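# Descriptive structure summary
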Amino acid sequence: ASTPGWHVRLSLGMARVALGLNQPEIAIAALQEDSRTEPLNPQIHRILAEAYAAIHLPEEALQSAQATVQIAPDDIETLSWFANLCTQINARSEAIPALNRAMQLDPSDAGLALRLGELLLHVSDPRAARQAFQQVIDNPRASTENLAQAADGLITLGDLPAAIIALEHACAVQSVAD
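Let me sum up the structure you'll find in this document. (Residues numbered from 1 in each chain as written. Predicted model: local features only at pLDDT ≥ 70, side-chain atom pairs only at ≥ 80, totals over all residues. Heavy atoms only, no water.)

Right, let's talk about the overall build of the chain for a bit. A tally of regular secondary structure across the chain gives 10 helices and 0 strands. For the chain, the α and β elements follow one another from N to C terminus as α-α-α-α-α-α-α-α-α-α. Seen through its C-alpha atoms, the chain measures out along the principal axes to roughly 60 × 30 × 30 Å. The long-range fraction of contacts in the chain, counting pairs at least 24 apart against all pairs at least 6 apart in sequence, stands at 48%. Roughly 9,700 Å² of accessible area belongs to the chain as shown, and the carbon and sulfur atoms make up 55% of that amount. (Helix = DSSP H or I, 4+ residues; strand = E, 2+ residues; numbered from the N terminus. Contact = heavy atoms within 4.5 Å. Areas by Shrake-Rupley, 256 points an atom, 1.4 Å probe, with all protein chains shown as cover.)

Structure (structure tokens):
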């Protein structure tokens, strides 16, 4: 009964090593069967997604990444990873709902709002990007760097008054830190 569990652990280990050695094809070969026999194992789908992305198979990468999120839809780290992978494979619009969900789960994380704003800039949604950057400004836990990056995004949007407010907040945060 413990043999299948060991098989999956060994396959995962081999796949991780293969990815680390830039051998994504070996990682895929090690995990394809396990993804069918253990479809609810998020680690398998996550490594498969990364391996598919490494060999420029974006549809397969997205499919495996979506399986990972379906298994763990309320895990902020998984949602953040998913958004990164979607950006990597040029599926930015797929990342937006994941970042929105992560922000619902942890509204105090200014970094998530910043990433969402930057992503929305790339997909040409200036209104939503402006809202995300405003969330960074309004976040009392935003770092100086978060605020400066939000200001940069607001400048890109041409919203200089909001950018000035972001920079003023950044200066205030910095002076408190000093």
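Now that the structure has been shown, we can carry on.
With their axes 11 Å apart at the nearest point, helix α3 (residues 42–54) and helix α5 (residues 76–88) run at an angle of 15 degrees to one another. The angle between α3 and α5 falls in the class roughly parallel. Pair α3 / α5 crosses with left-handed handedness. Along the contact surface, α3 presents R46, A49, E50 and A53, while α5 presents E77, T78, W81, L85 and Q88. Residue composition of the contact of α3 with α5, by class: 4 nonpolar, 2 polar and 3 charged. (Axes fitted to C-alpha atoms, helices over the stretch in contact; angles between N-to-C directions. Parallel < 35°, antiparallel > 145°, perpendicular 65-115°, else oblique. Left-handed = near helix turned anticlockwise from the far one by under 90°. Nonpolar A, V, L, I, M, F, W, Y, C, P; charged D, E, K, R; others polar.)

Given a rise of 1.5 Å per residue, 13 residues ought to cover 18 Å, and the 19 Å separating the end C-alpha atoms of helix α7 (residues 110–122) matches this to within 8%. Regarding α7, the residues found buried are A110, L112, A113, L114, L116, G117, L119 and L120. Looking at the buried positions of α7, the neighbouring elements they touch are α5, α6 (92–105), α8 (126–138) and α9 (144–157). Put simply, D109 is the residue that caps the front of α7, since its side-chain oxygen is 2.9 Å from the backbone nitrogen of G111. Phi turns positive, to about 60 degrees, at S124, one or two residues after α7. (Expected span 1.5 Å × (residues − 1). Buried < 20%, exposed > 50% of the residue type's maximum accessible area, 1.4 Å probe, protein only. Polar contact = N/O pair within 3.5 Å; in protein donor to acceptor, adjacent residues only side chain to side chain.)

For the rest of this paragraph, the subject is the nonpolar core. With 56 residues, the main nonpolar core has F82, V136 and L154 as its most contacted residues. In this view, V136 contacts A110, A113, L114, A142, N146, L147 and A150; residues no more than four positions away in its chain are not counted. (Core = buried A, V, L, I, M, F, W, Y, C linked by side-chain atoms within 4.5 Å.)

A separate point is the side chain of D34. Note on placement: D34 falls in helix α2 (residues 24–37). At 9.1 Å, R36 is the nearest oppositely charged side chain to D34, a buried residue that forms no salt bridge. (Lys, Arg positive; Asp, Glu negative; His and termini not counted. Salt bridge = Lys/Arg side-chain N within 4 Å of Asp/Glu carboxyl O.)

A separate point is the packing of α7 against α9. The geometry of α7 relative to α9 is characterised by a closest axis approach of 10 Å and an angle of 20 degrees between their N-to-C directions. Here α9 runs roughly parallel to α7, going by the angle between their axes. Judged by the twist between their axes, the crossing of α7 over α9 is left-handed. Within the contact between the two elements, α7 uses A110, G111, L114, E118 and L121 and α9 uses N146, Q149, A150, G153, T156 and L157.

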